[in-house]
Each structure stands twice: as structure tokens, then as C-alpha cells.
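Here is what each chain is made of, one letter per residue.
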Amino acid sequence: MLLAAEPAAGGAALDQVIGLSVGASIISAVLLVLAWAHRTHRIEWIQRAGERLTARTGQPGWAAIPALFVASSLVVALLGFMWDVSLHAGRGRDEGPLANPAHYLILYGLFALFIAGMSAVIFTRDGEKPGIAAVRITRRWYAPVAGIYIAACGFYALIGFPLDDVWHRLFGQDVTLWGPTHIMLIGGAGLSTAGIILLHREAEFSQEWRTNSANPAYQTLHRLTVSMAFGGLLIGLSVFQAEFDFGVAQFRMVFAPMMIAAAAALALVAARLYIGPGGALFAAFFFVIVRGVASFIVGDVFGQASHVFPLYLGCALVIELIALSRLKDRPLAFGAVAGLGVGTVGLYTEKLWNDAVFAFPWPQDMWLEGLAMAVPVAVGGGLCGALFAMGLQGRLPENRAIGRSIVAGSIVVTSLGVANGLWATVPEDATATITTQEVGTPDERAVLIEMTTTPGLVDDDPTWVQATAWQGGGEGIVTQELRRTGPDTWVSDSPIPVGGTWKTLVRVQDGRMLTAVPIFLPADPPIGAEELPVEASATRDFVPEIEILQRERSFDHPAWLWAAANAIVLLCSLAILAGISIAVARVGRRIAAHGLTDEETDEDGVTARPTVSS
Amino acid sequence: MTPVGEQLLAHHPVLFAVPAFVPAVVVVAVVLYIARKDRREEAEERELLERGLDDQEDS
């Protein structure tokens, strides 16, 4: 293996660069030759593979091949992603590319995602138009718009890899999920799930589906796959929560309800409106099953840090109940009300679930701010979900400004929520006196602690006062809520690991205050950090958490560079959001202009889904 | 900035990602090139056609 020879601290050897470049050239050439040979009828096996899938699913090859491909890629990427987060949480930053096998799964998943999208793009030949909203590439080459979108998602995620490297060169390695380039990597994969749903709809306007749609077996499979795809969308929108799932959130807790409400409102409103009764519940069940299996594999089979996930069933039930009213005939109003329901009642059920299984409860301290952030975002998410379903059904509002305002407004509201969430303060001149009592063995050291803080630092109802030890190797995350014994004193009830590679600290979050005191930090020569030993009793300052949790970060860079780097990532991200909006709108307008599928118009001689009403 | 040797950057998986993202960039570039080329050719053909029609009308 080329990479195995990489020196411990130096740069990459030239032969590795050459080897990998040769590999890249070969893969590029193979892809281009395959596409060219297929399109010029020099090879027929891609066509035959498509036909075989058509015989099994009733779908045209340009939808069946990518759908299968995307689904398998995303499963691999999801597993790799959860595994990766658990490795980082348990072991810290990577020792080298080979030291983290999860990266292979992620890279394969994202690359396969791109290829899957491209397979839809190249499949139809001889000037045939795939679906109702095909995009012209040349006069003899048309591609389904969802295929282009999925390929764009894969592309967006893949360019996250080199950008991530540039990022780490500039700013040091940030061991957080929410590094901007990390958001690209996971966001690209997450948002591609919407492309599967759109592709599925485009396929209904194909000659193959027109011929096959009467077959009940095909119909059942078709309905099942699109229902599962909405569950996939929910999984895709939930990837940003992973730090909370592992109990090592480096951000304020108010983010948790907001992210859950946003994902639930968007995906489940769309599922209920498009699939029909039970659609939201099915998607939520699918989410729980897939995430449950992934959690089992990562935590129990691979033996890494374990994690939990939101339940979404309460949110789905709220949406299903609201859909029993006549409101669902007015999708936008339904989306807004369902979003409100998810942001309130739905979140209450999530609070019960969170407090039961997650590492840290949602205390009263964060309720008001959490609701203020979650409700507007959930309403925006519900409206966007309704728009998504309306686009699929070909009944978008005729006034395009409505759709655009909703999408833009939701992005603005979400950005405000995120900005507020990121606004955290660190107390000045606050200290904690921590006395420790060694209770472990010399090999596995552990301490019990007693902490006294600056008087009045923490009010009666903090979000958390916890001891966290992580990156100790293997399953290494230990978190523990400290028990309050007086206005300014806390104790630990069980031993907290120290020594070795553990990073052990006390974290305090109260309102906007987000701060920490280290108990033990290992020496870290590569970043020039010395060991901070465990003291029998020591008074230490409260510092910004990022200085302890992300010791690898470098802060000596000009502010404009940081701003410019963020702006580039932001632009790429807005482009991908614009991409899905444009793709859905294109399909929706074409359906509105050219009519629904035969099946939908044949029922009782009236349109099952009303076209544009004018 | 700390000296390059002391950073962890060489460890980062950018190198092993090369065989994935470079082909993606190449494929996208080729498709965009083909699409642009076809549009240019179409425009030229249309121009030729229009010129031909104009010539016919003139004669």
C-alpha cells in the first residue's frame, strides 16, 4: 500500500503523489470511455442492465440504475460517517489516513453518489428524452434533472475533501463536525436524498412506466421505494445533529430542538402530502430502523463510542393528525400549521425521548430560547416541505415569487437561528477550584472530583454542569452530570477517567455562557501542547471550550482569510440549495404544463391531484 | 503559522481522496465542454441556415 509508507510527521512522498495521480487518471479514463462507449452503442451491457432492472421494477433504466446505486452509496456513506464520528470522539484526530478505516467508506459513498448521478445523466441515448423535465446537454443528449442534481450533490461533497485539506492547512485541524468543509461533506450526501424522490417522480413520465404502471407488483414496489426515500430524506437532514447524538456537542444545547424540528417539519410534511395518509409515520419508522441498525453496528459490532438519535415518531403523529383536517387541501397552510405543531407538541415528545435516552436532558434553562429558535425554523421547514410536495405534484403556486420568498425566508430564519445559537459567552475572571481523589489503578487512572466555582457564576437552573472525558481510545466517551451540593459546589458521583490520552474537563453551560475548566490534558507534541496534570487541588480559570476541545485549532490567521474561506463554503452551500429548488420547480412546472400521468388523470375521470387551478 | 513539519496536515486524507475527486472534476469538465461545444455548433449552423435563407430571399 502506498500510503502505509507515509512518514509520521512529514509531507507526502513524491511516489505516493505519482501513484495516486496515476490512479486518478486511470479512473477518469475508465469513466469517460465507459460513458462514450455506451452513448455510441459500442457497449450494450449498461443498456441491458437497465432493461433487466426495468423488468424487475417497471422503472426506466435511467431511474432504476441510479436509484439503486444512490441508495447503496448513501448506506455506505452513512455507516462510514457515524463510524468516523465515533472514532474521532473516542480517539481524537486521525493518526493517518489508514488509521481511520471509516474514511474509506465515506469516500467510496460520496464518489459512488457522484457516479450514480452521472449514470442517470449518460443513460439515455439517441436523442431520447428521459422524463418530463429532461435537461438538454446536446441536441442528441438529454438528462433527467434529478440525475444532474444528484451528481452535483456528489460533486459538492467530493470537493469538500480538498477544501477540507486547505482548511486544515490554514486553520489547523478542528475536531468538530461543524467545520464548514465538514458541512459540505455531509450536507452533499444528506441533500442528495431529495434527488432520489425527484428522480422517482420524473420516472413516472417515461414510456416504460406508462406501460408497466398497471402492474400491481410494480406499483407496490414503486410506492414502497418512494416512501423509504422520504425516510432517507429525514436521515439526510438529521446528519448535522451527530455531535448531540454522541453526547459531545460543542455547541449550545438550543441547537438540538431547532435541528430536530427543521428536519422533521420539512421531510415529514412533504412525506404526508406526497405519499398520503401514513406517509409521515412510515418515514419516521424507516428513520428509526436504519439509524437503529447503524447505531448497533457502530457501537456494538465495531465496539466504538455508541450514540442515540431522535425518534421523530411524535412529530410524525402530530403531522398525521393535523392532516386529518381539511387543512391538508391547502398545502402551504398545512405546512405552516404542521411546522408549528412539530415545533411545539412534536418537540415536547422529543424532549421526553431526549431526557430518557440522550446524555443530557433539555432543562428549563433552554426552553424559551429553544422554542424561539425552533418554532420559526419549523414553520419555514414545514412550508418548504409543502413546496417540495407541491412541486412533485405539479401544483406549485403560479406566482413564482411565493415559492422563492418561502425558500429564501426559511434560509434567512434558519441562519438567524444558527447565528443566535453560535452566540456564546465566556465569563471573565471566573475560576473553579477542583479537588480530586484518585480512585483508579495506575493503568486506568480515574478521579472523583469536588468543584467550587466563583460565587454566583451558575444560576439555579443551568443547562449543564458536566464532567466530560473523551478521546481516551476505543469507546472513549465518558460524560457525567455533576451533582450540585450547594450554590457554588458540585461533586461527581462516579469515577471520571484521566491520564493516557484522555482529555478530561468540566463543562458549564448556563444560558449563553458556554465554558470549561480542564482537569487533565495529555501532552501533545505535534501541536506543541504540554501535559496539564491532575492536581490534588487546583484553581483554574474558566476558558472558552474551543481551547480545550479543539486544541488543534490554530488561531493565528488574519480575520479576512477566515471570512473569505467561510464565504466560499457558504456560496457552494447556497448553490446546492438553489439547485434542488430549481430542479423541483422545473419538474413541477413541466407537470403543470403537460399534465399528470395517465394513472392520476384516469381515476374517476377527474384529476386525482389538481393541476394549476386557473 | 507553525512550521509545516509540526502540523498534522500531511496526515489528512486529501491525498487518498485524489483518485475520487479528480475523476469527478474531469468528468464534469468534459460534460460541460461537450455541452458548450454543441451549443456553439448549433448557433453556427443556425447562422449558416439564416444566411442561406437570406441569400435565397435576395436572389
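With an unreviewed UniProt entry as reference, chain A is termed ABC transporter permease, source organism Aeromicrobium halocynthiae.

### Focus on the overall build of chain A
From N to C terminus, chain A includes 18 helices and 13 strands. Compactness check: chain A gives a C-alpha radius of gyration of 26 Å against a globular reference of 25 Å for 614 residues, within 12% of the reference. Seen through its principal axes, chain A has C-alpha atoms that stretch 80 × 65 × 45 Å. The buried share of chain A, taken over its 614 residues, is 50%. For chain A, long-range pairs separated by at least 24 residues make up 75% of all intrachain contacts whose partners lie at least 6 apart in sequence.

### Observations regarding the nonpolar core
Residues and elements named next belong to chain A. L113, L234, A267, L268 and A283 are the most contacted members of the largest nonpolar core, which totals 190 residues. When residues of this core are assigned to their parent elements, the largest contribution, 18 residues, is made by helix α10 (residues 255–275). Residues within four places of L234 in sequence aside, it is in contact with A263, A267, L268, A283, A284, F287 and Y312.

### Remarks on unusual backbone geometry
Residue and element names in this part refer to chain A. Located in the positive-phi region is D126, a residue other than glycine, with phi close to 60°. Inspection of the secondary structure assignment puts D126 in the loop between α4 (102–123) and β1 (135–138). A count of 8 C-beta atoms within 10 Å places D126 in the exposed class. Phi at D429 is positive, roughly 55°, even though this residue is not glycine. Mapped onto the secondary structure, D429 falls in the loop between α15 (400–422) and β3 (431–438). For D429, a count of 7 C-beta atoms within 10 Å translates into the label exposed.

### Points about helix α8 (residues 216–237) of chain A
Residue and element names in this part refer to chain A. A rise of 1.5 Å per residue sets the reference length of α8, with its 22 residues, at 32 Å; its end C-alpha atoms lie 32 Å apart and thus fit the reference within 8%. Listed in full, the buried residues belonging to α8 are H222, V226, S227, A229, F230, G231, G232, L233, L234, I235, G236 and L237. At its buried positions, α8 is contacted by α3 (61–91), α6 (180–203), α10 and α11 (279–301).

### Some remarks on the pairing of β1(A)
Residues and elements named next belong to chain A. Pairing geometry for β1 and strand β2 (residues 141–143), over 3 bridges, is antiparallel. Looking at β2, one finds that V135 is bridged to A143. Between β1 and β2, which follow one another and run antiparallel, lie 2 residues.

### Concerning the sheet that holds strand β5 (residues 464–470) of chain A
Judged by pairing direction, the sheet is antiparallel, and its 5 strands sit side by side in the order β6-β5-β10-β11-β13 (chain A) without closing on themselves. Strands at the two margins of the open sheet, each flanked by one partner only, are β6 (477–481) and β13 (543–544) of chain A.

### Let's talk about the environment of G279(A)
All names here are of chain A. Residue position: G279 is located in helix α11. Measuring from C-alpha to C-alpha, the distance between G279 and E320 comes to 8.2 Å, with 41 residues separating the pair along the chain. The residues touching G279, leaving out its near neighbours within four places in the chain, are S227, F230, A271, R272 and Y274.

### Regarding the packing of helix α14 (residues 367–393) of chain A against helix α17 (residues 559–594) of chain A
Residue and element names in this part refer to chain A. At a closest axis distance of 6 Å, the pairing of α14 and α17 adopts a crossing angle of 40°. As summarised for this structure, α14 and α17 are arranged oblique, according to the angle between their axes. Contact residues: F388, M390 and G391 in α14; V584, A585, V587 and G588 in α17.

About the thresholds
Residues numbered from 1 in each chain as written. Chains lettered and ligands numbered in written order. Predicted model: local features only at pLDDT ≥ 70, side-chain atom pairs only at ≥ 80, totals over all residues. Helix = DSSP H or I, 4+ residues; strand = E, 2+ residues; numbered from the N terminus. Rg over C-alpha atoms; globule rule 2.2 N^0.38 Å. Buried ≥ 20, exposed ≤ 12 C-beta atoms within 10 Å, placed from the backbone. Contact = placed C-beta atoms within 7 Å. Core = buried A, V, L, I, M, F, W, Y, C linked by C-beta atoms within 7 Å. Expected span 1.5 Å × (residues − 1). Pairing = 2+ DSSP bridges. Axes fitted to C-alpha atoms, helices over the stretch in contact; angles between N-to-C directions. Parallel < 35°, antiparallel > 145°, perpendicular 65-115°, else oblique.

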